[in-house]
Amino acid sequence: MDFLDPELVAEFAIESLEGLADIEQQLLSIESAGANIDVELVNAVFRTMHSIKGTAGFLGLDRIGGLAHRLEEVLNHMRNREIVPSSQLVTTMLSAADYMRQLISAVESSNEGDISEFVAGLEAFLPSAGLNRSAPAAGPKAVATTPPEPEHAPAVANAACPSLTDAVREFVIESYENLDQMERELVALEADPSAVSVVRGIFRTMHTIKGGAGFLALPRLEKLAHAAESLLGRLRDQTLSPSRAVIEVLLKTVDRCREGLRLLETQSSDAGFEVTSLIEQIDEVARHTARPAVAAPVAATKSPQPLPAVNAAEPVAMETEPSIKPTVDSSASEKSSAGMGEATIRVDVGLLDKLMMQVGELVLARNQIVQYAGRLPDSGFVGTAQRLNLITSELQESLMKTRMQPIGNVWSKFPRVVRDLAGQLGKQVRIEMEGRETELDKTIIEAIKDPLTHLVRNSVDHGIEPPEQRRQAGKAVEGTLRLRAYHEGGQVNIEIADDGAGLNLERIRRKAVERGLISAEQSTRMSDRDVSQLIFAPGFSTAEKVTSVSGRGVGMDVVRTNIERIGGTIDLISLPGQGTTMRIKIPLTLAIIPALIVANDGARYAIPQVNLLELVRLDPEKAQDSIEYIHGTPVYRLRGKLLPLVYLSERLFPGLKVAKHRANREAINIVVLRADNRHFGLIVDKVNDTEEIVVKPLGKQLKSIREYAGATIMGDGSIALILDVKRLAPTVAADGEQRACTTENAAASAASGRSVRQSMLVVDVDGDRQFAMPTSAVARLERIPAALIEHAQHREVIQYRGGILPLVRLADAVDLPTTPTGELQVVVHDRAEASFGLIVGRIVDICEVDAVPAERRAADEFIVGSMVIRDRVTDLIDLGALAHFTVSRRRHAVASEASV
Amino acid sequence: MNAPSRRLGTFRIEGLHFGVDVRNIQEVIRYQPMTGVPLAPAAVRGLINLRGQIVTAVDLRERLALPARAEDKLPMNVVVQTDGGIVSLLVDEIGDVVDATPEQFETPPPTLPSSIAALIEGAYKMPGWLLLMLNIREAVNIATPELSLHSV
């Protein structure tokens, strides 16, 4: 084809598409106005058509020109009030405009298009055929031209398109997106077979792919798309119902098309792409599931798409299917998607990354300028600095938004995943999503994709019960999987909740023992919550048999690791019979994070706000007494609970012992932090402010120091290291010798790498015997004046939190002499079945001990075993058993009377 | 002279002349304030803010097992490009850019202490002085402090 000027043609295409963009809305308005014609509006459309006609004629694009001419003519009559814009007419006009858009999108081959149908359609509305003035040269010629064989168009188009690789790439990208969308819609259609509008959408999408494939001379892909399109055509015409088999084969087609695209990416043609067997399957399905009542499959395949030469880069222009009765609803939604298409551009992620980096620099420079401005008396400069400050913040925020993607992008895969998996397992699962628009940084989206998929699969596989079991449990046969995402305090929460049976804690206990993760002894002692956390332990899987779905024993620990790697946390709530909820908290972005700046030993450090719980400042007078030392390990009573303390100086300069507070009587700053669901206090010299910091990686030489998560540049240009809180936590002490308390075989189990550590509260009675109990059984630690003890039913009790709390003296229980003092140390055990306070001698420590089989001693029923903690033989107490002990103990009343 | 000559940027440490290919040198800057990194290997002197980029400063004296720099002497920064990003090499003084030919080159004598043999590719015999060719990759290869300790 010989064009005057390719540039001119391209310009024409762009301008015309812009003009056409609004036409849909305008025509619909014209339709709704009916006989009450808005001349201004009609004129606007008329002008658009007129200019398209003019330029098209000039460029020799006779099909486009011809179509524009007919539309112009109709509009002319309309504004002269010679014809009324009936809905039928508007429908025809819309179809014509759609087709025109399609022609313009593939402008080089537009003269191969067949406009006769539209021309005839429009002419039918003209007042009289006789009045039909002679059209410009292009018009009649176009009508006269016989429609060419569609198969010829691709070759021509191909030849006319010099930059094939660009076109191919665009096509591949678009098609992947289209296929994703189609997959979603197919799953939705299966769930609701009556959704005809969904079928239309799928049909259009498949048609787009077919068109693109034809345009790019990909005959195999085109053939496959054509076969699928035919099947979809019958769905649309309702001569076929969307049975499972139909959906199945269509989903297979989607998968196959993806394979084709991958092939295309590597070899830029679809040679060797095998489709015949799948096409046969499609035909097979079409034959077998045909609705006998309607015998018009031919009509369906003859849907009016004569021109496959369509540029895939212009999805907006693809809505070629002339919908017979466009409801206002669907048109409106199409309109909005058209608007989206034009308002967005594709940007290389690399460019965004670079921009992000540069804005990071700008933020730092801004910080410096703002600091200087504070020192200068020049008010003009100060004002400018403030403006710069504001603009930079806004710029940063806007740029962050460019990297934000809705989490729905990841979720969109899940309906298919759930559908396929549920099918395989013979389960019925419905997936619900809430908050798909919740946005996250692209890198985080990438990072959570796999963990989320794993969790979703897990919920379907392990969580939701088979239908029969659900029926027996009195639940709906269909299980529900709910995905929920929402923002909360600068973080994103993602919940994956199923209404299944909940975790089988007994089975987890059993498996954990079988796999040697914990001892049988421990398994009975562990709280339900601790047991449920076991599924995150490496090498754990409860699947009775390893299936292709899950149960390979890798999984939840990997999920947790991956989520923690991006600074997130995962938590689990399981209610027996009601289901399991996984809750993930992740930061919005990794590049710029809010952080607390602290000063220590003359340097500044940044602590990510995610880990920060609260700040405690101890006045110089109080500081000395408030920090208690247990065997050299500092602790602080934070609202009655012992908070292990870590001196930042000691962690960063091993070997250094900090005792300065004691000498200098300085105030003590405790930064209360959370890592791995454990709390601890980090003691620093000074707490500065919270700041938005730009995270920068450390060089290769420093990567191995895991105490740092990176570095950042402060407002004054100096550098601050970002602390990795998880590494600083006392329980994950790097080198063993830092650990305050160790058990005998800690080294052995550390070597095996499979230990499950349990937190124990260590107490003693008169410094004589040492006891330990799981902290999970301890609700609170209280100090109670002995004078507050009262008596009820031969027991010692105190009024506690608006109720009565019975007390047990540990000394009594183990037959040691009691020495009541003015203030009693009470360990509160708070369970529905038995709440009581255990009076102990002294709180010694909170230790992480390895879960090891303890030596069983039968002498006391509430002592479940003994182990060595902190170089002392320690009896392990079962608090629950102690509660019952009290009631049966007669001499109690006597003892307590004597003690008061 | 048919073999192509090599253009080397030179610097001095403890009276020794070292050179690296000028193409590896990004820039040479005077002393910069550094932020110390606790727990880092001794050779890492600290971090430098190089126009918004955080650059690790490696003390070549430490790497070459030379005595520590006098307190009152401030090191210069030779900023070089490496596989792991840019790194600043701390040196005593900056020398000239010189051209050296392959004929002048000789591999290091086996008598060189093994601790530094890996860091020195060889010597260019210049008239009256020796120019030691620094192996940048090895010089900044201190990711695992234990390993370099064993090699001493």
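Now for a description of the structure that goes with this document. These numbers were taken from a predicted model, which means no experiment stands behind them. (Residues numbered from 1 in each chain as written. Chains lettered and ligands numbered in written order. Predicted model: local features only at pLDDT ≥ 70, side-chain atom pairs only at ≥ 80, totals over all residues. Heavy atoms only, no water.)

Quick notes on the sheet that holds strand E7 (residues 85–91) of chain B
Residues and elements named next belong to chain B. Sheet architecture is open: five strands sit in the order E3-E6-E7-E5-E4, paired in mixed fashion. The sheet terminates laterally at strand E3 (25–29) and strand E4 (44–50), the two strands that pair on one side only. Adjacent strand axes in the sheet meet at a mean angle of 30 degrees, parallel and antiparallel pairs treated alike. Direction of pairing for strand E6 (residues 76–82) relative to E7: antiparallel, over a ladder of seven bridges. Following the sheet pairing, threonine 82 is matched in E7 by glycine 85. (Pairing = 2+ DSSP bridges. Helix = DSSP H or I, 4+ residues; strand = E, 2+ residues; numbered from the N terminus. Axes fitted to C-alpha atoms, helices over the stretch in contact; angles between N-to-C directions.)

Some thoughts on the side chain of A:Lys475
Note that A:Lys475 resides in the loop between helix H21 (467–472) and strand E4 (479–488). Those residues in contact with A:Lys475 that sit more than four places away from it in its chain are A:Glu465, A:Arg470, A:Asp499, A:Gly500, A:Ala501 and A:Gly577. (Contact = heavy atoms within 4.5 Å.)

Focus: the interface of chain B and chain A
Listed as interface residues are 23 residues of chain B and, on the opposing side, 22 residues of chain A. Summing both partners gives a buried area of about 1700 Å² for chain B against chain A, and 67% of it is carried by carbon and sulfur. Among the residues chain B hides against chain A, the three largest losses belong to B:Pro38, B:Leu39 and B:Ile54. Together they make up 36% of the total. For the pair chain B and chain A, the interface holds zero salt bridges. Summed over the shared surface of chain B and chain A, the number is two residue pairs in polar contact (both at pLDDT 80 or more). Listed by contribution, the elements that provide at least two residues to the side of chain B that touches chain A are E4 and strand E5 (53–59) of chain B. Grouping the amino acids of the side of chain B that touches chain A by side-chain chemistry returns 15 nonpolar, seven polar and one charged. (Buried area = accessible area lost by both parts, 1.4 Å probe. Salt bridge = Lys/Arg side-chain N within 4 Å of Asp/Glu carboxyl O. Polar contact = N/O pair within 3.5 Å; in protein donor to acceptor, adjacent residues only side chain to side chain. Nonpolar A, V, L, I, M, F, W, Y, C, P; charged D, E, K, R; others polar.)

Considerations on the packing of helix H12 (residues 244–267) of chain A against helix H13 (residues 276–288) of chain A
All names here are of chain A. Where H12 contacts H13, the two axes come as close as 10 Å, and the packing angle between them is 160 degrees. The angle between the axes of H12 and H13 places the two elements in the roughly antiparallel class. Taken as a pair, H12 and H13 cross one another with a handedness that is left-handed. Within the contact between the two elements, H12 uses Ala245, Val246, Val249, Lys252, Thr253 and Arg256 and H13 uses Leu278, Gln281, Ile282 and Val285. (Parallel < 35°, antiparallel > 145°, perpendicular 65-115°, else oblique. Left-handed = near helix turned anticlockwise from the far one by under 90°.)

Looking at the packing of helix H11 (residues 219–236) of chain A against H12(A)
Residue and element names in this part refer to chain A. Look at H11 against H12: their axes get within 11 Å of each other, and the N-to-C directions meet at 155 degrees. Between H11 and H12, the angle falls in the class roughly antiparallel. Remark: the crossing between H11 and H12 carries left-handed chirality. Contact residues: Leu221, Leu224, Ala228, Leu231, Leu232 and Leu235 in H11; Val246, Val249, Leu250, Thr253, Arg256, Cys257 and Leu261 in H12. Taken together, the residues of the contact of H11 with H12 break down into eleven nonpolar, one polar and one charged.

Topic: the nonpolar core
Ranked by internal contacts, the top residues of the largest apolar core, which has 56 residues, are A:Val671, A:Phe680, A:Leu682, B:Phe11, B:Leu47, B:Leu60 and B:Leu89. The residues touching B:Leu60, leaving out its near neighbours within four places in the chain, are B:Phe11, B:Ile13, B:Leu89, B:Leu90, B:Val91, B:Leu134 and B:Ala139. (Core = buried A, V, L, I, M, F, W, Y, C linked by side-chain atoms within 4.5 Å. Buried < 20%, exposed > 50% of the residue type's maximum accessible area, 1.4 Å probe, protein only.)

Some words on the pattern of salt bridges
Tallied over the entire structure, the rule returns 54 salt bridges over all chains. Note that A:Glu614 is salt-bridged to A:Arg639, the shortest N-O span being 2.6 Å. A residue pair is termed long-range when its members are at least 10 positions apart, and A:Glu614 in strand E10 (residues 612–618) and A:Arg639 in the loop between strand E12 (633–638) and strand E13 (641–647) qualify at 25 residues. Classification of A:Glu614 as partly exposed rests on a relative accessible area of 24%. Taking relative accessible area as the criterion, A:Arg639 reaches 63% and is therefore assigned exposed. With a closest N to O distance of 2.6 Å, B:Arg45 and B:Asp59 form a salt bridge. On the criterion of sequence distance, the pair formed by B:Arg45 in strand E4 and B:Asp59 in strand E5 is long-range, its members being 14 residues apart.

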